[in-house]
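# Architecture at a glance
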Amino acid sequence: MAETPGFFQPPTYRAQARMELGAFRPVTPAAGNEVVAPTPPPQLARARKQYARGVEHARADRWREALRFFEEAARCAPDQPNYHYVHGVALCRHDRFDEAIGAFQLELKVTPEHAPSLTEIGTCLARTGRTRQGIPFLQRGLARIPHLPLAQFSLGLALLTERRPKDAIIALSSALTYDGAYADAYRMRGLALTMEGEHDKAVDDLQAAAALDSKNHRALLDLGMSLGANAREQQAARLFEMAAKVAPDIALPQYVYGNFLINHRFFEAGLRYVDRAIELDPLQAEPYVGRGFGLLGQGRIDEAVAAYRRAGELKPESAQIAGTLLFALQHYPGVTKQDLLDAHKRWAALYRPAAPRDKVAFSNDPDPARKPRLGLVSADMHRHAAAFLTLRAFEQLAALGYEIFCYKTDRKREDDDFSERFKAAGKFWRDVSDLDDAAFAALVEEHKIDILFDLAGHTAGNRLSVFAQRAAPIQLSWAGYVGTIGLDTYDGVIADPVEIPPQDDEFYAEPVIRLPDCYVCYHPPTNAPDVAPLPALEKGAITFGCFNRPAKINSEVGRAWARIVEQLPGARILMVYGGLNESATQKALYDVLEKGGLSREHVELVGGAEQPILLDAYANRVDLALDPFPYSGGVTTLEAMWMGVPTVTFVGDTFAGRHSATHLSAAGLADFCTYSIDDYVALAVDWAKRPQDLAALRAGLRDKVAASPLNDPVRFGQNLSNELSRLWTQWSNQRRARDAAGVGATA
């Protein structure tokens, strides 16, 4: 280890931090703790003038003059809180550490357990080679006021000097928590990590220190991207924030930090940075995409679509930007099936770089009697909506003898108990986040995958580029997206007769595969509370619920809801969703509803996305659920039914608009499906006026769902297996016909 005093060279950051006003504000001592005789009034007045002059000089970094005035203030009024402390700070500026310790000790007599004085004593002791003595003082002070990055840094250095790198890492990490731009803390933590053998993390920290020292916003962004890609989100956030601060007049760091905040549901804060990026460079497309995501998160769908379209105008050749519009369009009031098909085909025309591989050019064994080998491509093989709709089906297929290979596409998604069940059902599991398209496709071919499932579509973590080039003989889209993908390399989209009626086939680029009962196999909550009595029976008024994301709410929904509540005295609408704890997002959603005439007095917004919160709200607060439109509820409708709460839905024309209809129909509640807004309003009001009937339905609804095809994995698995066998036989016959014609297959 290097010589210990070297660790305690005063960092330049310390001088800057001393300027903060907080260090010079008097504090009130605890009553009865004074141990020095009160200063006479005339002398106190002189001391206060000296103190004020000292603060003035300290702010201007004139520490020689500041020391003189602080020393005189402490001499004139030794009973005054903070006077000895600032005197000690000024002595430290002149490396008079022992005298400074004396001043801080005098401060402790006036203000016992004064945290800044305790930490300064510890720092002074450490800087004069007495680290072992200094550590307890630093720890005592930080136990009282932990949010002192300088003191946390000093503690980390002292612990490192005492060869306690594990403890040093904790202290230095705390310093970075309270000041993400503390280059010396990154540097010293990098050293401590090296001592612990954490070399990759050490390199990241040392690179962060170098980037911060240089104030190079490009270096900060590059390193932040690297850390974010490796699931070190907190450190990435600090670097992005620092980049935005050191380059306030450059668009790129403003956009990157704003987009990061939006992706973590800090919509309003993120929009400020993104809007600043647009102000600085209005001809760059990417900030408009970020703006679209932020507005979508707040439920401002008209503005979101406009932002995405503006991005597309600025970069009409970009498939990636064209793709960002597709999901938002599903929420857009008035969107038609033809609108969606056209938009997806426009994206597809830009997206595919070359002609796809011929589907019969694979060397897979074309034996129609064998079970095809399945591959699952998803970022969501954990407790996610897509997994609640597919996991039990794949478990059943495994029980039927199918070999399943799982390809996880986003390392940032943490594995959980559902992930372990996918692994147990599968023969193979791998995180392929680091594989490029060619390597991933080669792996799929190496595994001889016959049928490759896309469980993401146009959502985060997708690998559409792999499906675009065709990585398997048969490729299917299922449950991860809401409609057509737009590519002709898919051999089917899995649906049912309600989700995609037969007359709608022309609006899908893929062949439609209709399962007979329902297109998903529901996994009920594993920790659901019991179904409770109807809350309205006790409250005397109906409470409607809608736990869908704000993007699904629009003024037409607000208008329908206003017509419902105005007919029901005391009726309220409860909305629960993650992000609704942000005041700006609440205001945006209230504004959308009020445009439709629904007063915010009738609406309660609660932030929370965790399943237990939602289930508890269904159990104890909600009598009847109201579906949004044109994008209906999916798992939210299923969870509501499991908790005894039926959903009134206005059945739409699009795939996204028919989720609730297919779930309700499969559960035997097709009567809750309406086909006009007038009927939607009338049905909700009718059930609200019959609380006893609603209570009776509630009491038996979980059992009804449990006995339905929604909750029958054996039946569903067999239905799905029949379709997979049909597709496999069809492909095998095509391959054998090709071979018989003498064309041959290529590897």
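Summarised in this report is the structure supplied together with it. (Residues numbered from 1 in each chain as written. Predicted model: local features only at pLDDT ≥ 70, side-chain atom pairs only at ≥ 80, totals over all residues. Heavy atoms only, no water.)

## Looking at empty space enclosed by the protein
The condition is simple: A cavity here means a set of points on a 1 Å grid, drawn over the protein atoms and nothing else, where a 1.4 Å probe fits but cannot get out; a pocket is an open set with protein on both sides within 12 Å along at least five of seven lines, and a residue lines either one if it has an atom within 4 Å of a point. Grid points are joined across faces, edges and corners, and a volume is the space filled by probe spheres set on the points. Asp, Glu, Lys and Arg are counted as charged, while Ala, Val, Leu, Ile, Met, Phe, Trp, Tyr, Cys and Pro are counted as nonpolar; the rest, among them Gly, fall into the polar class.
One pass over the full model with this rule turns up six cavities of 30 Å³ or more. Taken as a whole, the largest cavity holds about 90 Å³ of empty space. In terms of lining residues, the largest cavity is bounded by Gln330, Lys337, Leu340, Leu341, His344, Val482, Gly483, Thr484, Phe507, Tyr508, Thr654 and Phe655. A per-class count over the lining of the largest cavity returns six nonpolar, five polar and one charged. There is about 60 Å³ of room inside the second largest cavity.

## As for the sheet that holds strand β5 (residues 474-477)
Backbone-to-backbone hydrogen bonds pair the strands of a sheet. The strands run either parallel or antiparallel. Formally: Paired strands are those between which DSSP finds at least two bridges. To qualify as a helix, a DSSP run of H or I must reach at least 4 residues; to qualify as a strand, a run of E must reach at least 2; elements of each kind are numbered from the N terminus. Comment: axis = line fitted to C-alpha atoms, over the contacting stretch for helices; angle = value between 0 and 180 degrees taken between N-to-C directions. Between two residues, a contact is recorded if the distance between any of their heavy atoms is within 4.5 Å.
If you trace the seven strands from one edge of the open sheet to the other, you get β3-β2-β1-β4-β5-β6-β7, paired in parallel fashion. In this open sheet, the two strands that pair with only one neighbour each are β3 (428-431) and β7 (512-514). Geometrically, the sheet is characterised by an average inter-axis angle of 25 degrees between neighbouring strands, direction not taken into account. Relative to β5, strand β4 (residues 451-454) is paired through four bridges, and the arrangement is parallel. Residue pairing in the sheet places Asp454 in a bridge with Ser477 of β5. Those strands touched by helix α20 (residues 385-399) are β1 (374-378), β2 (404-408) and β4, and its axis lies near 145 degrees from that of β2. In the packing of helix α32 (residues 713-740) onto the sheet, contacts are made with β1, β4, β5, β6 (492-495) and β7, and the angle to β5 comes to roughly 145 degrees.

## Examining the packing of aromatic side chains
As a reminder, the rule being used: Only rings of Phe, Tyr and Trp enter the pairing, Trp through its six-membered ring, and a pair is recorded when the two centres are within 6.5 Å. The plane angle decides the type: under 30 degrees is stacked, over 60 is edge-to-face, the rest tilted. Working definition: with a 1.4 Å probe on protein chains only, accessible area under 20% of the residue-type maximum means buried, over 50% means exposed, and in between means partly exposed.
Inspection of the entire model under this criterion finds 24 aromatic pairs. Seen in terms of ring centroids, Tyr257 and Tyr273 are 4.8 Å apart; in terms of plane orientation they differ by 75 degrees. Their pairing is edge-to-face. Placement of Tyr257 in helix α14 (residues 251-263) and of Tyr273 in helix α15 (residues 267-280) is noted, with a sequence separation of 16 residues between them. Looking at Tyr257, the relative accessible area reads 9%, which means it is buried.

## Re the side chain of Asn364
Put simply, the test is: Two N or O atoms form a polar contact when they lie within 3.5 Å of each other; inside protein one atom must be a possible hydrogen donor and the other a possible acceptor, and for residues adjacent in sequence the pair counts only when both atoms belong to side chains.
Relative to the elements of secondary structure, Asn364 occurs in the loop between α19 (337-351) and β1. Residue classification places Asn364 among the buried positions, given a relative accessible area of 3%. Among the polar contacts made by the side chain of Asn364, one reaches the main-chain carbonyl oxygen of Ile449 at a distance of 3.0 Å.

## Here's the deal with helix α25 (residues 555-565)
What α25 keeps buried is the set Val557, Gly558, Ala560, Trp561, Ala562, Ile564 and Val565. In this structure, the buried residues of α25 make contact with β8 (543-546), β9 (572-577), α26 (583-595), β11 (624-626) and α30 (677-688). N-capping of α25 is provided by Asn554, with a side-chain oxygen placed 3.0 Å from the backbone N of Glu556.

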